[in-house]
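Observations on chain architecture
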Amino acid sequence: MNVAFNRGGQQQNSLILIPTYNEACNIKNLIISIFSLYPKINILIIDGNSNDDTCNIVKSLKAKYPNLHLFIQESKNGLGKAYIIGFEIGIKYGYDYFISMDADFSHNPKYISNFLFYLESFDVVIGSRNIKGGSVVGWNLFRKILSFGGSLYARFVLGCKIMDFTGGFNAYTLKAIKAIDIKQIDSNGYCFQIEMKYRAKRANLKIVEFPICFCDRTQGKSKMSKSIIFEAIYKTLLLRFGR
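Residues numbered from 1 in each chain as written. Predicted model: local features only at pLDDT ≥ 70, side-chain atom pairs only at ≥ 80, totals over all residues. Heavy atoms only, no water.

Considering the packing of aromatic side chains
- What the rule picks out here adds up to 13 aromatic pairs.
- Ring geometry for Tyr83 and Phe192: centres 5.7 Å apart, planes at 10 degrees, overall stacked. In this pair, Tyr83 is assigned in helix α4 (residues 79-92) and Phe192 in helix α8 (residues 191-202), connecting sequence segments 109 residues apart.
- In this structure, Arg129 is placed above the aromatic ring of Phe214, and the distance from its NZ or CZ to the ring centre is 5.5 Å.
- A cation over a ring is seen here: Lys206 above Phe122, with NZ or CZ 5.5 Å from the ring centre. (Phe/Tyr/Trp six-rings, centres within 6.5 Å; stacked < 30°, edge-to-face > 60°. Helix = DSSP H or I, 4+ residues; strand = E, 2+ residues; numbered from the N terminus. Lys NZ or Arg CZ within 6 Å of the ring centre and 35° of its normal.)

Below is the structure:
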């Protein structure tokens with residue numbers, strides 16, 4: 001389901017957080033695509049000091065899109081730290097809603113309207129690949145097993161019924177970010193997504209999942225690595241049993 005409507009006031013209070021590292025081949029088209037659908041929304045690019053033209057491309061678009069913002073880290077510090085920086089900036093400047101998404105077009109901007117709709121009634125909104133109507137396009141069997149297995153593992157260890165623990169297309173209200181207490185999060189790879197959702201569940205926040213089609217990137221390189229996978233395995237155990 002795609003909720004097609006324009007919520008101008010809510011767009012102005014919403015901040016899309018997009019971590020980047022060497023995404024020059026994708027970032028311009030993504031930014032243009034988002035603003036063409038949601039002209040009043042705000043975008044914050046949190047860049048890990050890319051060594052390609054990612055930052056220069058974003059800077060070149062800022063004159064055309066005043067709602068586009070860029071924060072450049074001193075070095076690449078991982079997905080989790082980038083998002084925490086984004087949340088902290090958003091809180092500082094008074095945003096009420098936060099949407100996290102990838103820079104490689106695997107998360108279709110058309111779903112942003114669904115997030116805006118559900119954020120009116122829920123604290124946490126998950127764009128889910130693993131519920132009825134959700135799907136993944138372009139991954140080989142190993143990646144599908146790895147992703148679905150990661151969410152299954154997290155559900156089993158953490159005792160939560162969230163179907164897509166590992167997905168990165170999510171939204172949070174300001175209330176949720178404060179209840180999760182992002183300063184206490186120490187996961188930094190894709191386990192960051194697991195910890196955010198687990199903390200939301202522990203805080204008794206209202207959570208909803210809606211189906212999305214996830215399409216694998218067609219340009220650029222994936223940031224997945226063995227260290228990210230191992231972090232998700234052992235830190236998920238620590239979340240449940242280590243504290």
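On we go.
Looking at the pairing of strand β3 (residues 68-72)
- Of the strand pairs in this sheet, strand β2 (residues 42-47) and β3 are connected by 5 bridges, and their pairing is parallel. Bridge pairing links Ile46 to Phe71 in β3.
- With helix α3 (residues 54-62) bridging β2 and its parallel neighbour β3, the resulting β-α-β unit is right-handed. (Pairing = 2+ DSSP bridges. Right-handed = clockwise from strand over helix to strand, strands pointing away.)

With respect to the nonpolar core
- Phe87, Leu158 and Met196 are the most contacted members of the largest nonpolar core, which totals 33 residues.
- In terms of residues, this core owes the most to one element, α8, which gives 6 residues.
- With residues up to four places along the chain from it excluded, the contact list for Met196 reads Phe87, Tyr172, Ile177, Ile180, Ile182 and Ile185.
- By size, the runner-up hydrophobic cluster in this structure holds 32 residues, among which are Ile34, Tyr38, Met101 and Ile212. (Core = buried A, V, L, I, M, F, W, Y, C linked by side-chain atoms within 4.5 Å. Buried < 20%, exposed > 50% of the residue type's maximum accessible area, 1.4 Å probe, protein only. Contact = heavy atoms within 4.5 Å.)

Focus on the pattern of salt bridges
- Tallying each qualifying case throughout the model produces 3 salt bridges.
- Salt-bridge contacts for Asp123 lead to Lys175; the nearest nitrogen and oxygen are separated by 3.8 Å. Taken as a pair, Asp123 in the loop between α5 (112-118) and β5 (124-128) and Lys175 in helix α7 (residues 174-180) lie far apart in primary sequence, 52 residues in all.
- By relative accessible area, Lys175 is classed as exposed at 53%. (Salt bridge = Lys/Arg side-chain N within 4 Å of Asp/Glu carboxyl O.)

What about the sheet that holds β5?
- On the basis of which strands lie adjacent, the open sheet formed by 7 strands has the order β3-β2-β1-β4-β7-β5-β8 and mixed pairing. The outermost strands of the open sheet, each flanked by one partner alone, are β3 and β8 (207-211). The sheet shows a mean angle of 20 degrees between the axes of neighbouring strands, direction not considered.
- Summarising the sheet, strand β1 (residues 14-20) and β2 pair through 6 bridges and their orientation is parallel. (Axes fitted to C-alpha atoms, helices over the stretch in contact; angles between N-to-C directions.)

A closer look at the packing of helix α2 (residues 27-37) against α3
- Interaxial distance between α2 and α3 falls to 9 Å at its minimum, and their mutual angle equals 30 degrees. Judged by the inter-axis angle, α2 sits roughly parallel to α3. Every pair of crossing elements has a handedness; the one defined by α2 and α3 is right-handed. Counted together, Ile27, Lys28 and Ile31 of α2 and Thr54, Ile57, Val58 and Leu61 of α3 form the full contact between these two elements.
- Within the contact of α2 with α3, the residues separate by chemical class into 5 nonpolar, 1 polar and 1 charged. (Parallel < 35°, antiparallel > 145°, perpendicular 65-115°, else oblique. Left-handed = near helix turned anticlockwise from the far one by under 90°. Nonpolar A, V, L, I, M, F, W, Y, C, P; charged D, E, K, R; others polar.)

Comments concerning the confidence of the model for the protein
- Per-residue confidence for the protein averages 89 on the pLDDT scale, and 91% of its residues sit at or above 70.
- Throughout residues 1-6 the model reports pLDDT below 50, and contacts reaching past four residues in sequence, or to other chains, amount to 13 contacts. (pLDDT = per-residue confidence, 0-100.)

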